[in-house]
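# Observations on the model geometry
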Amino acid sequence: MTELLWPNVSCQGAEHLRKFVAYEMDNILERRANEYKQYQLRRKTNADIIIAPANSPLQYPITGFRVAPLKKSLIPGLALQTQERGITTNKREVYKVSLSVKSGVLSVEDLLDGDQVEGQGQSDLTISSSNLTHLNDLLSRVTYTSTIYHIRTSDLVSFNFEDHKAIVPIMIRRPSVPVLYDPGKDINSRVTIITKTFLRYKELNVLIQSIRKFYPKIKIIVADDSLKPENVSGNNIEHYIMPPAQGWFAGRNLAVSQLTTKYFLWVDDDFVFLSETRIESFVEIMEALPDLDVLGGEVSGDQFYFVLEYDEGDENDGGCLRRTREFHQPLPGYDGCFLVDGVVNYFLARTDAVRRVGFDPFLKRVAHTEFFIDGVGKLMVASCKGLSVGHQTHRAQDEYDSYRNQGKLEEERKLAHHFFKNYLNYIKY
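Bear in mind the structure is a predicted one, so any value in this text is a computation, not a measurement.

## Looking at the side chain of T145
Inspection of the secondary structure assignment puts T145 in strand β10 (residues 142–146). Aside from chain neighbours lying at most four places away, what touches T145 is L70, K71, K72, G104 and V105.

Here is the structure:
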């Protein structure tokens, strides 16, 4: 919702950004407008306000409304819908409504002499009139201003008439500045392929060669925590060397931190691209469904996905989490696609959404479900059949396996980590 009475921000003396952009040559205005529309849909910044029908007889925004801290905003939809009263004496009966808030003040804009308003600029406001139309005109100009600065809090408006009462929630939010990614004009501008490697340069080179067969120009980012790093080079490849054996999630964080594209495709370093590996199919679905954050495919025909059943538990014991091989619902309009909580280790994701969740670097050896645990309630996840990548034949490596396999002590440390970090008492994978 647009806050209606914010003062205009003065940009006098500021740089006009359009003069720095060759937008006529590159269709950048059209792309920017489209990305901002998707941003609004994802953030629900333009969500409609639902006005409750006046059957109480109070009319008010049943879904509440949003304001910025310390800024004056109109309260939308306030009205009194009741029958005109008969004349009981020599004059018409007076209509009287009252409003009150806890963390702000109320006012009526543009008051005229004779308007019966008490409590202007205070937390309790009373409006009276013998004319219902006039009363509703005054109600249409009632404003709310929060008096305590906070970027994310709330208040309540109590709206009263005779023995009728309505409570209207106010969401006090500091508007955030949009962060958009220019999608450019081709797949290379929209998607970066990222991977983490450790002691598997042979497999990594096979992966890179297979990517270049189908996507010769797309950027590839490699995070590498091998014990003795080897050179990884090639056109549009960024190879980041980490301290040795920092682990999978630390590598993912590094790779994600270097992204400049709207999407990234995560692949393991022993995958291989096939003719069926079409990144464009991922992007087509994600562009059509702005609410979707992560879209998984299948690896060598395995469309692995899962649901995380979470019970918050109580304040003393903590919650319970269980992973099940199920899905929430089919994804409408897409056969073989399902809404889930976690997917196979091959997925396309929105850069901004994943950055908000992040990867826990405490988890080094076995760390996949754990990312999706942190994303419960934050990420919309789906899995689709047919978005396929291949898997190279496993090659036994004693040194690699000694790091890859999780020992009993490390498993116990991970469970203790979940106990505190995720406030859990029980967990079942």
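## Brief notes about helix α5 (residues 201–214)
Its 14 residues give α5 an end-to-end C-alpha distance of 20 Å, which sits within 8% of 20 Å, the value for a rise of 1.5 Å per residue. Among the residues of α5, those classed as buried are Y201, E203, L204, L207, I208, S210, I211 and R212. Contact partners of the buried residues in α5: β13 (191–197), β14 (220–224), β15 (237–241) and β17 (271–272).

## Some words on the pattern of salt bridges
For the coordinates displayed, the defined rule picks out 18 salt bridges. E109 is paired through a salt bridge with K72; the nearest N and O atoms lie 3.0 Å apart. A residue pair is termed long-range when its members are at least 10 positions apart, and E109 in the loop between β7 (104–108) and β8 (116–118) and K72 in strand β4 (residues 72–74) qualify at 37 residues. The shortest N-O distance in the salt bridge between D225 and K196 comes to 2.6 Å.

## Description of the environment of R152
Mapped onto the elements of the fold, R152 is located in strand β11 (residues 152–161). Judged by its relative accessible area of 56%, R152 falls in the exposed class. Separated by 84 residues in the primary sequence, R152 and A68 place their C-alpha atoms 9.2 Å from one another. In contact with R152, not counting residues within four places along its chain, are I172 and R173.

Parameters and conventions
Residues numbered from 1 in each chain as written. Predicted model: local features only at pLDDT ≥ 70, side-chain atom pairs only at ≥ 80, totals over all residues. Heavy atoms only, no water. Helix = DSSP H or I, 4+ residues; strand = E, 2+ residues; numbered from the N terminus. Contact = heavy atoms within 4.5 Å. Expected span 1.5 Å × (residues − 1). Buried < 20%, exposed > 50% of the residue type's maximum accessible area, 1.4 Å probe, protein only. Salt bridge = Lys/Arg side-chain N within 4 Å of Asp/Glu carboxyl O.

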